[in-house]
Amino acid sequence: MTAYEEIFRSSVDDREGFWLGAAGEIDWHVAPTRALDESNPPFYRWFPDGELNVAYNALDRHVDAGHGDRTALVYDSPVTGTKRSYTYAQLRDEVALFAGVLREQGVGHGDRVVIYMPMVPEAAVAMLACARLGAIHSVVFGGFAAKELAVRIDDAGPKVVVSASCGIEGTRVIEYKPLLDKAIELSERKPDSTVILQREQATAAMGERDVDWAEAVGRATPANPVPVKATDPLYVLYTSGTTGKPKGVVRDSGGYAVALAWSMPHIYAVGPGETIFTASDVGWVVGHSYIVYAPLLAGATSVLYEGKPVGTPDAGQFWRVVQENAVKSVFTAPTAFRAIKKEDPKGEFLAQYDVSSLEYLFLAGERLDPETHRWASDLLGIPVIDHWWQTETGWPIAANPAGIELLEIKPGSPTRAMPGWDVQVLDETGKPAEPGVDGAIVAKLPLPPGAFPTLWNDDERYVGSYMSAFDGYYLTGDGGHLDEDGYVFVMGRTDDVINVAGHRLSTGGMEEVLASHPDVAECAVIGVADTMKGQIPRGFVVLKSGVDADAEGYEDGLRAELVQMVRDQIGAVASLKDVAVVPALPKTRSGKILRKTMRGIADGAEEPVPSTIDDATVLDTLRPVLRRQ
Ligand code: COA
Ligand code: AMP
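Residues numbered from 1 in each chain as written. Chains lettered and ligands numbered in written order. Predicted model: local features only at pLDDT ≥ 70, side-chain atom pairs only at ≥ 80, totals over all residues. Heavy atoms only, no water.

Caption draft 1: Structural detail: the side chain of D76. Mapped onto the elements, D76 comes out in strand β4 (residues 71–77). Look at D76 and you get buried, because its relative accessible area is 2%. A distance of 2.7 Å separates a polar atom in the side chain of D76 from a polar atom in the side chain of R320. For D76, the residues in contact, after removing those within four places along its chain, are T82, K83, V303, L304, Y305, E306, R320, V321 and E324. (Helix = DSSP H or I, 4+ residues; strand = E, 2+ residues; numbered from the N terminus. Buried < 20%, exposed > 50% of the residue type's maximum accessible area, 1.4 Å probe, protein only. Polar contact = N/O pair within 3.5 Å; in protein donor to acceptor, adjacent residues only side chain to side chain. Contact = heavy atoms within 4.5 Å.)

Caption draft 2: Inspection of the site of ligand 1 at higher detail. Close to ligand 1 lie 24 residues, the nearest being E169, R172, K308, K533 and R567. For ligand 1, whose free accessible area comes to 940 Å², the fraction covered by protein is 82%. Considered class by class, the residues forming the shell around ligand 1 number 11 nonpolar, seven polar and six charged. (Near = heavy atom within 4 Å. Areas by Shrake-Rupley, 256 points an atom, 1.4 Å probe, with all protein chains shown as cover. Nonpolar A, V, L, I, M, F, W, Y, C, P; charged D, E, K, R; others polar.)

Caption draft 3: Structural context of the UniProt feature "domain: AMP-dependent synthetase/ligase" (unreviewed entry) in the protein. Listed under "domain: AMP-dependent synthetase/ligase" (unreviewed entry) in the UniProt record, and renumbered for this structure, are residues 65–444. The span residues 65–444 is 31% helix and 24% strand, and its two end C-alpha atoms sit 39 Å from each other. (UniProt positions renumbered as here; feature names shortened; annotations may be inferred.)

Caption draft 4: Seen up close, the sheet that holds strand β25 (residues 473–482). With antiparallel pairing, four strands are arranged side by side in an open sheet as β23-β24-β25-β26. Whereas interior strands pair on both sides, the edge strands pair on one side only; in this sheet they are β23 (423–426) and β26 (488–493). Here the average twist between neighbouring strands, direction ignored, is 50°. With five bridges joining them, strand β24 (residues 439–444) and β25 adopt antiparallel strand pairing. Considered in β25, the bridge of A440 is made with G479. (Pairing = 2+ DSSP bridges. Axes fitted to C-alpha atoms, helices over the stretch in contact; angles between N-to-C directions.)

Caption draft 5: Quick peek at the nonpolar core. Residues L91, F98, V162, Y268, Y293, W395 and W421 are the most contacted members of the largest nonpolar core, which totals 125 residues. Ranked by residues supplied to this core, first place goes to helix α5 (residues 121–133) with 10 residues. In contact with V162, other than residues within four places in its own chain, are F98, L102, V113, V114, I115, Y116, M117, A126, V195 and W213. If you look at the next biggest cluster of nonpolar residues, it comprises 45 residues, including V140, A204, I498 and A574. (Core = buried A, V, L, I, M, F, W, Y, C linked by side-chain atoms within 4.5 Å.)

Caption draft 6: Quick look at the UniProt feature "domain: Acetyl-coenzyme A synthetase N-terminal" (unreviewed entry) in the protein. In this numbering, the UniProt entry assigns the feature "domain: Acetyl-coenzyme A synthetase N-terminal" (unreviewed entry) to residues 4–58. Here residues 4–58 is 42% helix and 11% strand, with 27 Å between the C-alpha atoms at its ends.

Caption draft 7: Spatial organisation of the pattern of salt bridges. Within the structure shown, the criterion is met by 33 salt bridges. The salt bridge involving R132 is made with D60; its shortest N-O contact spans 2.9 Å. Taken together, the residues span a long stretch of sequence, with R132 in helix α5 and D60 in helix α3 (residues 54–67) at a distance of 72 residues. A salt bridge links R374 to E371; its shortest N-O distance comes to 3.5 Å. Placement of the pair is R374 and E371 together in helix α13 (residues 370–380), with a separation of three residues, close to one helical turn. (Salt bridge = Lys/Arg side-chain N within 4 Å of Asp/Glu carboxyl O.)

Caption draft 8: Structural detail: the packing of aromatic side chains. Under the defined criterion, the tally for this structure stands at 34 aromatic pairs. On the basis of an interplanar angle of 65° and a centroid distance of 5.6 Å, the ring pair of F277 and Y305 is categorised as edge-to-face. Here F277, found in strand β16 (residues 275–278), pairs with Y305, found in strand β17 (residues 301–305); they are 28 residues apart in sequence, far enough to count as distant. Here F277 matches Y305 in class, with each residue buried. Summarising the aromatic geometry, the rings of F452 and Y474 are spaced 5.7 Å apart at their centres and angled 75° between planes, so their arrangement reads as edge-to-face. Of this pair, F452 sits in the loop between β24 and α14 (459–467) while Y474 is found in strand β25, placing the two residues 22 residues apart along the sequence. The same class applies to F452 and to Y474, which are both buried. An aromatic cluster of three or more residues is present, and its members are F18, W19, W28, W46, F47, W262 and W395. (Phe/Tyr/Trp six-rings, centres within 6.5 Å; stacked < 30°, edge-to-face > 60°.)

Caption draft 9: Here's a closer look at the site of ligand 2. The environment of ligand 2 is made up of 15 residues, and the closest members are H387, T391, D478, R493 and R504. In the environment of ligand 2, a nitrogen atom lies 3.4 Å from a nitrogen or oxygen atom belonging to the backbone of R367. Taking H387, its main chain carries an N or O atom lying 2.7 Å from a nitrogen atom of ligand 2. When ligand 2 sits alone it has 500 Å² of accessible area, and the protein chains cover 95% of it. Across the shell around ligand 2, the residue classes break down as four nonpolar, five polar and six charged.

What follows is the structure, given as structure tokens:
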């Protein structure tokens, strides 16, 4: 057995021993005496009798151990021309003070705080301040529109919302405050107060509910860490499901801390004093885990980058950051590399920097196409590690554990299952699929620490969406296969979730927006392959009878309205730019729209006509529209 296999086997065969051992990397207020409570499946609980504070583990304990001068966080913002570093001692102090601000606003253990912020260090400070108080944060990605923010506010019921006056998207300044005000106006559960970070690029007008970040910090007294149960939620992170109602993924405190602390040295090969640069956003799970919590739990340095891989101002920024911070591991989405490849195919920007510190490139968030894998590997001459995970899982399900040993890299595969992840592929009848044969990718319960114990206030949806399809297994929602060597191949979602430039979105949610237009009788949105963004959505609408579609300019006007509606209600990240008016949608005899067939045709496949189709001529008429790129 290889070192990896030994570790994997022990995580499955000796679950208690393995995870209690891993828990030794965390400082507990009350140390757990057992790893897993299995009394109420599928609601498993990790470290049920443990107590800890995650922010204390991320900050104070390193300071107490004499490492207060080490750099915890580097803020690098080419869009504002700012660079700032925080030592562990400085970050702890900032977090303690901001926790004091939140406490002043009435936030305590178990209260929710929504954080709607751009990529500024104060976003991480706000998250850690919540963790310090035992409050539950819910970060909403800045690219979401007011309505999406409102839905999340209503579900989480926050006491306070923390936001900023603006974000910077490339060269554009996006004012956040009007979006926040609109969201609160739309929401039924209004927060008691909002704390606003004023940025010089746009000053927000303040209202009665608003508290100025800097002023409040100026008069705050620091708050101490509050020990919480390992099973208490650390955060809720909303993610797209198959409908417009997002799923509130709950993250516990103890299991998450243990899993992340294990993953840093073993998967990402980053230890105390070393630097990881995760180019993502704190609004996504990757940002929660590998910009904020995991690097700090490990005593490492994390780079928080406010900018894009290209255009801010050029395709050399990632390499500049690597050089200036002696970065050891970079983690980003494949789409970022496709963007760099397009701008700098020969690596001329790369050649301007010394990136000799860089040992690994980790990519996740969407399928890594073998071509991009090859290009990045050739360019950098270091291992390029595809790894697979989801908001629900909190850390990788499958990866190449660089810190243990580098397994053979097979382009197209995120390599093998990580500890505690008993990954299997099942056919529709629930039987294990043969190696190489595609099916539903599942994980046998219980899931390892770090994975979500439930959905916020919705145990029923947790069971219905994830735990019911195959008894005793977690349905990942991804399809694919295992090969003879146990390598996982993730081929794509089996539901209506799509991945646009590494952003997870719901086509069902977009359909709800299109369907709300008074002229639309029915519609379908599908994700089609895109060379840059991986996937992009395309919409198809059927008009209500009586609508005069022949009127001059009608179709162009309608298309523009629909595109704008999605932008306004979901956000610019949805990237829905292509909507076609069609006479009918292909359906089964029972009335289900044949989205999978439509997607296949749009992607250029020779899709067979399904035997269940109601009227094959509808599909024939649609074929040329679908094929058009
Ligand atoms: N706030 C406001 N608007 C945002 C936003 C934010 N935080 N993030 C994106 N948007 C907007 C963009 O400005 C763009 O608007 P536009 O249609 O008016 O141009 C739209 O949403 C689509 O954004 P995006 O999909 O990011 O496309 P892009 O062309 O701006 O950039 C990439 C393309 C590849 C450079 C960019 O998508 C990228 O860096 N992707 C990596 C994503 C990632 O890290 N994902 C996390 C998983 S690890
Ligand atoms: P998110 O919850 O936003 O992290 O998105 C999770 C989804 O992204 C997964 O269910 C997959 O569909 C996709 N995904 C993430 N990483 C990979 C990967 N390495 N290969 C293929 N798909 C991936």
